[in-house]
Structure formats: structure tokens, C-alpha cells
Amino acid sequence: MHSLVRRSRGIVLAALFGASLAALGGCGRNYGPYPATALEVNERILRVRGAFEKVKADPLANEVRLDLQRAETWIVTAEAEAKEGKVDERADLYLTTAEGQLSMIQTHYARRRAEDKLAKRREQALAPSADETSE
């Protein structure tokens, strides 16, 4: 029984090793053309632009003004690349950078809102209750 288990483990490991080698076999000097993104560049620009407008309209936007300017610059640069017909990895890189910048901004907003919520709860916990003030 134990030899059967050892054999099946060996077969599974050999299969995994073989699959790994087969996957690595495709990695050579010929990388091929730059892979197309899931969305067409113009569609992606519209989505990133929409996300940008949303974070720009947030009440906390003044706190991240410089990050908003950076994100808009990356979006505008990607739009210029797309208009010139240079849809390659540079346009993808500009959009990815803009998405990263927007993600940083959204993280800042979430952190600030959490800090504000925590401060309010702390104030409520430290504030005297109605029973204590009536005595």
C-alpha cells in the first residue's frame, strides 16, 4: 500500500515538473509582439478618465492636488499617444501609471475617512454620558 502511495506521489511530481518545463520552454529570446490589453486603448482611456473625474470631485481632493495633476498628465499623455496612432506599450504604461496614481488617491481618501471616523468615536467614548452630567 505504501509503495502505491509513493508511486502516485512520484507520478504527480513528475507530471508537475514536466508541465513546468513545458511552460518554461516557451520562454526564449523570441518574445513576440507586445500583448494587447483586455480593453482597447480608447475604452481604457475613457474608464481611467471617468475614475479620475470621480476622485477629482471628492471633497478631499484639495489634499491630493499634486497627485491629481500627475494622474491627469499621464492620462493626457496616453490620449496623445492614442490620437497619434502610437498604440503600443507606452500608452499602456501611461494608463497603468495613471491607474496607480488614482489608486493612491483612493487609498488616501479611505485612510482619511477612517481617521475621521475613529476620531469621532474616540470623542464619543470620552464625552461624559447624560447620566453623569445630570448628577
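For the structure itself, consult the block above.
Description of the structure in this document. (Residues numbered from 1 in each chain as written. Predicted model: local features only at pLDDT ≥ 70, side-chain atom pairs only at ≥ 80, totals over all residues. Heavy atoms only, no water.)

### Considering helix 3 (residues 65-83)
Using the following cut-off: Helix and strand definitions follow DSSP, with helices as H or I runs of at least four residues and strands as E runs of at least two, each counted in order from the N terminus. Helix span, as expected, comes to 1.5 Å for every residue beyond the first. When accessible area is computed with a 1.4 Å probe and restricted to protein chains, residues below 20% of their type maximum are described as buried, those above 50% as exposed, and intermediate ones as partly exposed. Each direction from the helix axis to a C-beta atom contributes to the arc, which is the arc of those directions.
Counted at 1.5 Å a residue, the expected span for helix 3 with its 19 residues is 27 Å, and the 27 Å between its end C-alpha atoms agrees. Within the sequence span of helix 3, burial applies to Asp 67, Leu 68, Ala 71, Ile 75, Ala 78, Glu 81 and Ala 82. All buried residues of helix 3 fall inside an arc of 150° around its axis, so they share one side. Those residues of helix 3 that are exposed and aimed more than 90 degrees away from the buried face are Arg 65 and Lys 83. A positive backbone phi angle near 80° is found at Gly 85, which sits one or two residues after helix 3.

### Considering the environment of Ala 98
What counts, and what does not: Should any heavy atoms of two residues lie within 4.5 Å, those residues are considered in contact.
Mapped onto the fold, Ala 98 is located in helix 4 (residues 89-126). Contacts of Ala 98, omitting those with residues within four sequence positions, involve Val 48, Ala 71, Trp 74 and Ile 75.

### Some details on the side chain of Asp 58
Keep this limit in mind: In the analysis that follows, any N or O atom pair within 3.5 Å is treated as a polar contact, provided that within protein one partner can donate a hydrogen and the other can accept it, and provided that, for residues neighboring in sequence, both atoms belong to side chains.
Relative to the helices and strands, Asp 58 is located in the loop between helix 2 (41-56) and helix 3. Classification of Asp 58 as buried rests on a relative accessible area of 17%. Side-chain polar atoms of Asp 58 contact the side chain of Arg 113, separated by 2.8 Å. The residues contacting Asp 58, other than those within four sequence positions of it, are Tyr 109 and Arg 113.

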